[in-house]
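Working through the structure, step by step
Here is how the chains run, residue by residue.
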Amino acid sequence: QSSPTCEGETVNLEATLSGVYDTPVFEWFYSGDNGTSWTSIDTTTTNVLTLPSVSYNVDDGWYQVVVANQVDDLNNALCNANSDSVQLIIYETVEVDLVISICEGSSYTVGSAVYSISGSYTDTLTTIFTGCDSIVNLDLEVIAPIRDTMNLTLCAGEDYNGTIYTSDSILIDTSLASNGCDSI
């Protein structure tokens, strides 16, 4: 039996008894090697083992509990009962760092958040495969257009970039700058 969960969550493993022990004592065990070896992690009088803020590659593995009427009986196979083991699968939190540059007037979307101002942003998204969180750290740079004033005065009948102007004109021209954004 397996029990998947997300990194950082609190996990409660519960042993259910059917009235065999009057004053039960529980010893919880962990195995990180598929049950080849077991390590005692907690001896208690409660049937619930709480694992706060579980970690990927630390808490994932197999768990089982031994129950007896008193602590001395936990090591006596004639006086105790072993539970079936349960596998705890922990999905890790995925963290992604993005450094993005966009042109002024554009935006960048992370999940449902839309950004158009330079800054550092952190978004927590839920993955569709595991239901666990993914963290996206965004360092966004908004590049302003390169503004260059060109005093270009054309008289009627003059040509500029293939266009003949029929009256006196002052022009503002937009072209693509070396940074990939418009320049004016």
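Remember, predicted model here, so these are calculated numbers, not experimental data.

Turning next to the side chain of Gln64. Structurally, Gln64 can be placed in strand 6 (residues 61–68). A relative accessible area of 15% means that Gln64 is categorised as buried. Polar contacts involving the side chain of Gln64 include one to the main-chain carbonyl oxygen of Ser83, which spans 3.4 Å.

So, about the environment of Ile143. Note on placement: Ile143 falls in strand 13 (residues 133–143). You can call Ile143 buried: its relative accessible area is 17%. The sequence separation of Ile143 and Cys181 amounts to 38 residues, and the corresponding C-alpha distance is 7.4 Å.

Let us look at the nonpolar core. Core analysis: the largest hydrophobic core is formed by 16 residues, its most contacted members being Leu13, Trp28, Leu51 and Tyr63. At the level of elements, strand 2 (11–14), strand 3 (25–31), strand 5 (48–51), strand 6 and strand 8 (86–91) are the ones that each hand at least two residues to this core. With residues near it in sequence (within four places) discarded, Leu51 still touches Glu9, Thr10, Val11, Leu13, Tyr63 and Leu88. In terms of nonpolar packing, the next biggest core, distinct from the first, is built from nine residues, Ala113, Tyr115, Val136 and Leu138 among them.

Scored by pLDDT, the chain comes out at a mean of 86, with 86% of its residues at no less than 70. Mean pLDDT values over the elements of the chain span from 56, in strand 18 (residues 175–176), up to 97, in strand 11 (residues 113–115).

Here the focus is the state of the cysteines. Applying the stated criterion across every chain, the model contains one disulfide. Each disulfide pairs two cysteine sulfurs, and for Cys6 the partner residue is Cys132, the sulfurs being separated by 1.9 Å. For the disulfide bridge between Cys6 and Cys132, the dihedral angle about the S-S bond is near -85°, and by the sign convention the bridge is left-handed. Separated by 126 residues along the polypeptide, Cys6 in strand 1 (residues 2–6) and Cys132 in the loop between strand 12 (119–126) and strand 13 bring together distant segments of the chain. Cys6 gets classed as buried once you look at its relative accessible area, which sits at 10%.

Put simply, the largest pocket is a space of about 440 Å³. Together, 22 residues line the largest pocket, and Glu14, Ala15, Val65, Ser83 and Asp84 are the ones closest to its centre. In terms of residues, the lining of the largest pocket owes the most to one element, strand 6, which gives four residues. Grouping the constituent residues of the lining of the largest pocket by class yields 11 nonpolar, nine polar and two charged.

How each quantity is defined
Residues numbered from 1 in each chain as written. Predicted model: local features only at pLDDT ≥ 70, side-chain atom pairs only at ≥ 80, totals over all residues. Heavy atoms only, no water. Helix = DSSP H or I, 4+ residues; strand = E, 2+ residues; numbered from the N terminus. Buried < 20%, exposed > 50% of the residue type's maximum accessible area, 1.4 Å probe, protein only. Polar contact = N/O pair within 3.5 Å; in protein donor to acceptor, adjacent residues only side chain to side chain. Core = buried A, V, L, I, M, F, W, Y, C linked by side-chain atoms within 4.5 Å. Contact = heavy atoms within 4.5 Å. pLDDT = per-residue confidence, 0-100. Disulfide = S-S within 2.5 Å. 1 Å grid on protein atoms, 1.4 Å probe; cavity = no way out; pocket = protein on both sides within 12 Å on 5 of 7 lines; lining within 4 Å. Points joined across faces, edges and corners; volume = space filled by probe spheres on them. Nonpolar A, V, L, I, M, F, W, Y, C, P; charged D, E, K, R; others polar.

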